[in-house]
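# An overview of the molecular structure
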Amino acid sequence: MAIKEGDTFPQVQLKYIPFDAADPNACKSPQILNTKNDFAGKKVVVVGVPGAFSPTCSIQHLPAYVSKIKELKAKGVDLVVCVSGNDFFVMSAWGKSENVKDDIIMAGDANGDLGRATGLTLDLAKMGMGSVRLTRFAAIVDNGKVTHLAVEPDPTDVTVTGADNILSAL
């Protein structure tokens, strides 16, 4: 069963590679993002996408969050996390290719822990992308509680999960 507004955001540990402005091409050791501890007392936007470097994710979804990061922060967002069923190295490379820098945490959910915990999964095995991928969603999590959740009816499109929609919901 999928999470819904009013629910506590599930506790999982995601991994990410921190951006290093002094050495942007560095491949650092992965860090753990614990959704319980690291979301406590914060307003967090979590953006779930089916796959790093995929056309919709790279052309429509992530770039809007990158370009609107200052507006999100101005509305009280402490942290933006983009998460996909890819590993943390892929997510780091995708973030670098999209000029994310340290504005957005690019976290991997390669084992599908977040997908299973939220119930927001897709089976993309027929496309060769794995059987447990995140569907396209965006959530506002305030001090661990889901205050807004948008899930795309068609995960190949961005109609309700884009940065402008989240800005309106804040």
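My aim in this report is to walk through the structure given alongside it, one point at a time. (Residues numbered from 1 in each chain as written. Predicted model: local features only at pLDDT ≥ 70, side-chain atom pairs only at ≥ 80, totals over all residues. Heavy atoms only, no water.)

## Some points on the overall build of the protein chain
For clarity, the cut-off: Think of it this way: any DSSP run of H or I at least four residues long counts as a helix, any run of E at least two long counts as a strand, and we number them from the N terminus. For the radius of gyration, the atoms used are the C-alpha atoms, and the globule rule reads 2.2 Å times the number of residues raised to 0.38. The classification of residues rests on relative accessible area computed with a 1.4 Å probe and restricted to protein chains. Under 20% of the type maximum is buried, over 50% is exposed, and intermediate values are partly exposed. Contacts: residue pairs with any heavy atoms within 4.5 Å of one another. Surface accessibility follows the Shrake-Rupley procedure with a 1.4 Å probe radius. Residue values consider only the protein chains on display as shielding. Positive charges come from Lys and Arg alone, negative charges from Asp and Glu alone, with His and the N- and C-terminal ends not counted. Where a charge lies is defined by one atom per residue type: Lys uses NZ, Arg uses CZ, Asp uses CG and Glu uses CD.
What the protein chain contains, in helices and strands, is five helices and nine strands. When the helices and strands of the protein chain are placed in sequence order, the string is β-β-β-α-α-β-α-β-α-β-β-β-β-α. Computed over C-alpha atoms, the radius of gyration of the protein chain comes to 14 Å, within 12% of the 15 Å expected from 2.2 N^0.38 for 170 residues, which places it in the range of a compact globule. Reported as C-alpha extents along the three principal axes, the dimensions of the protein chain are approximately 40 × 40 × 30 Å. Looking at the protein chain as a whole, 46% of its 170 residues qualify as buried. Sequence separation of at least 24 residues holds for 64% of the intrachain contacts in the protein chain that already meet a minimum separation of 6. Working note: accessible area of the protein chain is about 8100 Å², and carbon and sulfur atoms make up 50% of it. Between the centroid of the 17 positive side chains of the protein chain and the centroid of its 19 negative side chains there is a distance of 3 Å.

## A closer look at the side chain of Arg136
Applicable threshold: Think of a salt bridge as a Lys or Arg side-chain nitrogen and an Asp or Glu carboxyl oxygen that are within 4 Å of each other.
Looking at the secondary structure, you find Arg136 in the loop between strand E7 (133-134) and strand E8 (137-142). It turns out Arg136 is buried and unbridged, and the closest side chain with the opposite charge, Glu152, is 5.8 Å from it.

## Some remarks on the sheet that holds strand E1 (residues 13-16)
Our working definition: Here, any two strands with at least 2 DSSP bridges between them count as paired. Every axis corresponds to a line fitted to the C-alpha atoms, with the helix fit spanning only the stretch in contact, and the corresponding angles, defined between N-to-C directions, vary from 0 to 180 degrees.
Spatial ordering of the open sheet is given by E2-E1-E5-E4-E3-E8-E9, a layout of seven strands whose pairing is mixed. Either end of the sheet is taken by a strand with one partner, and the two such strands are strand E2 (31-34) and strand E9 (145-151). Looking at each pair of strands side by side, their axes are set apart by 30 degrees on average, direction ignored. One ladder, built from six bridges, connects E8 with E9; its direction is antiparallel. Within E9, the residue paired with Phe137 across the bridge is Val151.

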